[in-house]
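# A closer look at the structure
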Amino acid sequence: MTSVADTALAQAKPRPRRGPFMDFVIRLFREKPLGAAGAVVFMVFLFCGLFADLLAPYGYNQISLMNRLKPPSLAFPFGTDHSGRDMLSRCLYGAQLSVIIGFCAAGLATVISIVLGVLTGYLGGKFDMVVQRFVDAWMSFPELIVLIVVVSVVGPGMPQIIVVLGLALGIAGSRIVRGAVVSVRENMYVHAAKSTGAKTARILWRHVLPNVMAPVIILFTNRVAVAILAESGLSFLGFGVPPPAPTWGGMLSGSGRAYMYQGPWLALAPGLCLTVVVYAISVFGDALRDLLDPRMRGSR
Amino acid sequence: MTEWKRFKNALIAGTFAAGAWIGMAAAENKDKPQYGGTLEVGTVYITLSALSFDPHDWNWKLNHDTGSYLEQLFVGDLSKARRNGGKQAFVADGYLAQDAIKGELAESWAWKDDPLRVEIKLRKGVMFPAKPGVMESREFTSADVAYSFNRLISSPKQQKGYFNHVEKVETPDKHTVVFHMKYFHAEWDYRFGWGYYSPIYAKEMVDAGATNWRNAVGTGPFQLTDFVQGNSNTYTKNAIYWGRETIGGTEYKVPFLDKVVYRTIKDEATWIASLRTGKLDILEAIRWQNVDSLKKSSPQLQWNRWLNQSGTFMAMRMDVDGPFKDIRVRRALNMAVNKQEIVKAYYNGHAELFAYPQHPDYGPYFEPLESMPDSVKELFTYNPEKAKKLLAEAGYPKGFTTKVQVCACSPDHMDLLPLVAAYYEQVGVKLEIQPMEYGAFLGAMTSRTHAPAYFMNSGHVNPTRTIHKSFITGEMWNPAGYTDPKYDERMELVFRQKDEAVRIRMLRELTREILDQAPYVWMPIPYVYTAWWPWVKNYGGELRVGAVRPGPIYARIWLDQDMKKKMGF
Amino acid sequence: MQAYIARRLLALIPTLFFASVIVFVTVRLIPGDIIDLMMSQNDISAGKKDREALQAALGLDKPMYIQYFHWIGAILFSGDMGKSLWQNTPVTEQLLQRLPVTFELGLLSLLVALSVAIPIGVYSAIRQDTAGDYVTRSFSILMLAVPSFWLGTLVMVFPAIWWGWSPQIRFVPFTQDPIQNLSQMIVPSIILGCSLSAITMRLTRTMMLEVLRQDYVRTAWAKGLSEKLVVMRHALRNALIPVVTLIGLQAPILIGGAVIMEQIFVIPGMGLLLLEAVSQRDYPIITGVFLVVGLAVMVINLIVDLSYGLLDPKVRYR
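To continue, consider the pattern of salt bridges. Residue and element names in this part refer to chain B. As enumerated under the stated definition, the model contains 38 salt bridges over all chains in all. Among the salt bridges present, the one from Lys61 reaches Asp65, with a minimum N-O distance of 3.0 Å. Grouping residues by exposure puts Lys61 and Asp65 together as buried. Residues Arg287 and Glu268 are paired through a salt bridge, measuring 3.1 Å at the closest nitrogen-oxygen approach. Here Arg287 is found in strand S15 (residues 282–287), whereas its partner Glu268 is found in helix H6 (residues 268–276), with 19 residues between them in sequence. The network of salt bridges with common partners includes Asp326, Arg328, Lys389 and Glu393.

Next up, the structure:
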């Protein structure tokens, strides 16, 4: 016969342990609702971008001259452009492109920032000084002009734009990573690890990098927004991903501006997409910083 | 008739006459030119600032920026403009009809034999104004003409062979200049007379530094008084200018305006808005897409329409191995594009199906499509079935793939090319579009490393140059690499032909032949619009009276400043 | 402190050297060189001899390192940055003409940004996580998310159609006619300033939050000092830090120009000068502009770093 204690034990199941990620998500939703909303919106766009091929009712370059400049309707929820292409489809594919550009450029930038920042921050000395002078030189040039010159050299095209944006943003961001590394470098456990003879690479990997992840994550989300906006600026000046590629920036600065009066939806659709996505990422990034930045903790 | 009746009739007649006379006088007064005011112009080259002010640089855009203060031997005769009852549009960038040319600094000229030469009598009493730091005011003489010419041919940037026909220049007296010619050249007056590179200027300007705009001085109606690179050119009235203009039977001193300002604006939205709000008095090149909304918001604007001065086409390289070496392929690609639909649906009717290589503005030089032989007409019909047949005959039954380069700087081309690609898909030809930035795009052609297909615009310029620059062996602007020594010879003969009627016939033959050979996919050419506010008077949308030279046109414009104020601007 | 300044100034030299080499080489890598562009002005193909003659006339026939030393030498010994390859006007003259314009635009934008951002930032910090905080922060991020060229075009296109008004396109230097000059500069300054304000606002907010948590602020509260007094006296001084940071961050725009605004509003600044020089392949102008901008930005950043020392006692310079 089972005792009362046995039944009680059997009934009282231990609470399931949630991982740190779930904890974080719950904190996000509970403490930073705006940031959480931003994350959700961004996820929606990400989803649209990834499955654009399935979701889009038409191709992104499906020219149909008899349907040109039609206002939004049931057949064309976002209207059509001056070549008769469906704006909804173009915006969906635009999500794909912008997400690709944003993520890849930001990813590349973050990798460069980490590599440069960690190496110079940790190793210090002459190497640090030389690289910092190079970074100084790079950062003293107006960003857009640098991009223009480099795009002129490599030519227009999506891979080139990604690499160019990644480089430009990465070098600039290395400063922040370096700052974080420098402050970690002086910590006790790093000294301890050194004194026990641990290899540099191991120290970097196990002790330095994890403590630098917070600013890196914030940097990454920020960079996605910056990359998307930078591409739109480049498109305006004629140095972005060339048409017919349906980047939001390209649509906004090209046909969106040329037909602003005859067809405002040409600018409204990609403009709203651009603004909403950048806004969503930015509030999400803000929320992240509030949650992850140790200086901000406890600031009720 | 009684005395009274006669008197009454006379009185009535007299009143009518008086009234009519007063009315006419009032009307004339209303249209009597006023002096003063500043003209703000968004010129045809609104996005381009001056590249050079020195004729020594052989820059194509020179006359556009110097043509108000530097004059030439000859100029277009505005009395032959359409608004004055003539036939000339004065829109072509490098063409003037022979009967619409008058002397500017030249008063009269004549060809003479033994030795072959052109004797030019120069205008007397033309003065260079004083320019502090450069020169005192002095009379213009034949020495200035000789100096300008000789300096031109000593430049490292000169066009090879441009003046091969000239033996030497002589100045027997202060007001006569003689060009000794080796042989007759049909473009003699275009090349040095009213062309791109032939402004006349003073040695003093060169001594002070001709490349510096601050030293600019000339005999023209205006003088260059300010230049902000990439932003504006300002020209101020030359008080001692010799020119006169006859309006309504009365002769007036020109210019009427105090100032002319060219606004350099890079952004289309900005220049359209500036025209709308009266910040620009004239806007010379408006794309058809903007016309309807402008007409709606500003119904008082005056309009002129002209056909673009450059041909749009896709060049197919015949000088590299590939499908385009076969004429059947080239003709097939012409027939595979629905050019009529492009005119109707893409350009909304604001385009012409056939206007290249010759331009309809060239009068007798232009032969319309209807009078062309059938083989040429066929190229302008949409016939994908025949195209497929030709491709199969040439050995491409399943079509082929080719790279095509296009300049990312042209929004029109960037929109048009995917449309063309869509047509080609129907016949199995696949286009791989490669957009390039302008400098790189141009560099590819000049270095002959461009793709087998190359989508571009090329200016007509004038009836002879349009053939010469694009279809003669080795020419830079010959991206298809078309080469036929017999064709080259025949072109050279055109230049030597004194009789214009014969030249016209020869050029028509050359044009038919090249159309047939189809080195390009000939595309429709869009219309462009010029608009100006009604207070701009004595103007009808003319653009050039010399190679890219608008100066003398602006010199004859006057502003009705009262009207402008009354309209609220 | 002086040793620090000296070291920083010394460090400028290798930085500038790096910058000059990078720019010099990169610019010449752009495909389609200026000879092509110049020769294409003519209708007739130029032969090899003509190309070489033109190259020599422009000084572009020598090997790159010799061209580099000529250029650097001319700058260091005679302050001559060369002449435009197209116009033959001295680069220095062009820079002197355009720099004040760009600087004025940058300064006005900065003023707009600060006057929008600081009040919002302070308010957001004091009322952290309230609805007011969210609304003002959202507005500020919205300003960042709308591309400036789009706002600029809106301002250009629609008022012209609705009210017959468009921004001034006649440029007049400030010294000549301040009213007209400002009437042209005011619209682009506002647009630029608003997008800049987002960054400043966050900085201000962060700074204020940190300060408000400090012990001395809590002490002041505990002492019963009014909120306003606490904020004003103790916290605002720290708010200058993000101001100074912003100046440092925006230095490239202050000197290098805001290309997009200049293009739409017809302002003859450094940004457009550079853009045009790039498309014309006018190498002396490109390299000259980059060098001047680079030097000026580095000096501004040095001043910014130094002022941190004055404003933030925690910062020490070894």
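Additional details are given in the paragraphs that follow.
This next bit is on the state of the cysteines. All names here are of chain B. The full count for this structure, using the stated rule, is 1 disulfide over all chains. At a sulfur-sulfur separation of 2.0 Å, the disulfide partner of Cys407 is Cys409. Judged by the torsion about the S-S bond (125 degrees), the Cys407/Cys409 disulfide is right-handed. For Cys407, a relative accessible area of 4% corresponds to the buried category.

A separate point is the interface of chain A and chain B. Counting residues at the interface gives 16 residues for chain A and 19 residues for chain B. Carbon and sulfur atoms supply 58% of the area that chain A and chain B bury against each other, a total of about 1600 Å² over both sides. Taken together, the links from chain A to chain B amount to 1 salt bridge. Its residues assigned to classes, the side of chain A that touches chain B comprises 10 nonpolar, 3 polar and 3 charged.

With that out of the way, let us pick up helix H1 (residues 2–29) of chain C. Spanning 28 residues, H1 of chain C covers 41 Å between terminal C-alpha atoms, matching the ideal 40 Å at 1.5 Å per step. Every buried residue of H1 of chain C is listed here: Tyr4, Ala11, Leu12, Thr15, Leu16, Ala19, Ser20, Val23, Phe24, Val27 and Arg28 of chain C.

Turning next to the packing of helix H5 (residues 87–123) of chain A against helix H6 (residues 125–139) of chain A. Residues and elements named next belong to chain A. Across the interface, H5 lies against H6 with an axial gap of 7 Å and an inter-helix angle of 135 degrees. Overall, the two elements H5 and H6 adopt an arrangement that is oblique. Of the two possible hands of crossing, H5 and H6 adopt the one that is left-handed. Listed contacts from H6 to Leu116, Leu119, Thr120 and Leu123 of H5 are Gly125, Phe127, Asp128, Val131 and Gln132.

Let us look at the domain arrangement of chain B. Residues and elements named next belong to chain B. Under the domain assignment, chain B is made up of domain 1 (31–301 + 533–566) and domain 2 (310–526). Of the residues lining the interface, 20 residues belong to domain 1; the matching set on domain 2 comes to 20 residues. Taking both partners together, domain 1 and domain 2 bury about 1700 Å²; carbon and sulfur atoms supply 55% of that area. Its largest share of buried area at the contact with domain 2, domain 1 owes to Tyr95, Phe184 and Trp288, together 38% of the area lost on that side. Viewed at the interface, domain 2 and domain 1 are joined by 1 salt bridge. Put simply, Arg465 and Glu187 hold a salt bridge, and the shortest N to O gap is 3.3 Å. Taken together, the connections running from domain 1 to domain 2 amount to 6 residue pairs in polar contact (both at pLDDT 80 or more). Grouping the amino acids of the side of domain 1 that touches domain 2 by side-chain chemistry returns 12 nonpolar, 3 polar and 5 charged.

All names here are of chain C. Where helix H5 (residues 91–126) contacts helix H8 (residues 178–213), the two axes come as close as 4 Å, and the packing angle between them is 35 degrees. The element H5 and its partner H8 pack so that their crossing is right-handed. Its residues assigned to classes, the contact of H5 with H8 shows 24 nonpolar, 9 polar and 2 charged.

As a further point, take helix H12 (residues 270–280) of chain C. Residues and elements named next belong to chain C. Of all 11 residues that make up H12, 10 are buried, and the element is covered over most of its length. Within H12 the residues assigned to the buried category are Met270, Gly271, Leu272, Leu273, Leu274, Leu275, Glu276, Ala277, Val278 and Gln280. Arg281, located one to two residues past H12, shows a positive phi value of around 60 degrees.

Below, the discussion takes up the pairing of strand S19 (residues 401–407) of chain B. Residue and element names in this part refer to chain B. Where burial is concerned, most of S19 is hidden: 5 out of the 7 residues are buried. Examined bridge by bridge, S19 and strand S20 (residues 430–436) share 7 bridges and lie parallel to one another. Bridging across to S20, Gln405 finds its partner in Gln434. Crossover handedness for the path S19 to helix H12 (residues 411–426) to S20: right-handed.

When you line up the elements, Ser138 of chain C lands in helix H6 (residues 131–145). You can call Ser138 of chain C buried: its relative accessible area is 15%. Leave out the neighbours within four places in its chain, and Ser138 of chain C touches Leu34 and Tyr279 of chain A.

On to the packing of aromatic side chains, then. What the rule picks out here adds up to 61 aromatic pairs over all chains. Arranged with centres 5.2 Å apart and planes meeting at 45 degrees, the rings of Tyr241 of chain B and Trp242 of chain B form a pair that is tilted. Assessed through its relative accessible area of 4%, Tyr241 of chain B is described here as buried. In this structure Trp242 of chain B comes out as partly exposed when scored by relative accessible area, which is 22%. Consider the rings of Trp303 of chain B and Tyr529 of chain B, whose centres lie 6.1 Å apart with planes at 80 degrees: the pair is edge-to-face. With Trp303 of chain B in strand S16 (residues 302–307) and Tyr529 of chain B in strand S23 (residues 525–532), the pair connects residues that are 226 residues apart, well separated along the chain. Each member of the aromatic cluster is reached from another via a ring pair, and the members are Trp58, Phe149, Tyr162, Phe163, Phe179, Tyr190, Phe192, Trp194, Tyr196 and Tyr197 of chain B. The ring of Phe24 of chain C carries Arg28 of chain C above its face, with NZ or CZ at 3.9 Å from the centroid.

Reading the values: the criteria
- Residues numbered from 1 in each chain as written.
- Chains lettered and ligands numbered in written order.
- Predicted model: local features only at pLDDT ≥ 70, side-chain atom pairs only at ≥ 80, totals over all residues.
- Heavy atoms only, no water.
- Salt bridge = Lys/Arg side-chain N within 4 Å of Asp/Glu carboxyl O.
- Buried < 20%, exposed > 50% of the residue type's maximum accessible area, 1.4 Å probe, protein only.
- Helix = DSSP H or I, 4+ residues; strand = E, 2+ residues; numbered from the N terminus.
- Disulfide = S-S within 2.5 Å.
- Contact = heavy atoms within 4.5 Å.
- Buried area = accessible area lost by both parts, 1.4 Å probe.
- Nonpolar A, V, L, I, M, F, W, Y, C, P; charged D, E, K, R; others polar.
- Expected span 1.5 Å × (residues − 1).
- Axes fitted to C-alpha atoms, helices over the stretch in contact; angles between N-to-C directions.
- Parallel < 35°, antiparallel > 145°, perpendicular 65-115°, else oblique.
- Left-handed = near helix turned anticlockwise from the far one by under 90°.
- Domains from an automatic or database assignment.
- Polar contact = N/O pair within 3.5 Å; in protein donor to acceptor, adjacent residues only side chain to side chain.
- Pairing = 2+ DSSP bridges.
- Right-handed = clockwise from strand over helix to strand, strands pointing away.
- Phe/Tyr/Trp six-rings, centres within 6.5 Å; stacked < 30°, edge-to-face > 60°.
- Lys NZ or Arg CZ within 6 Å of the ring centre and 35° of its normal.

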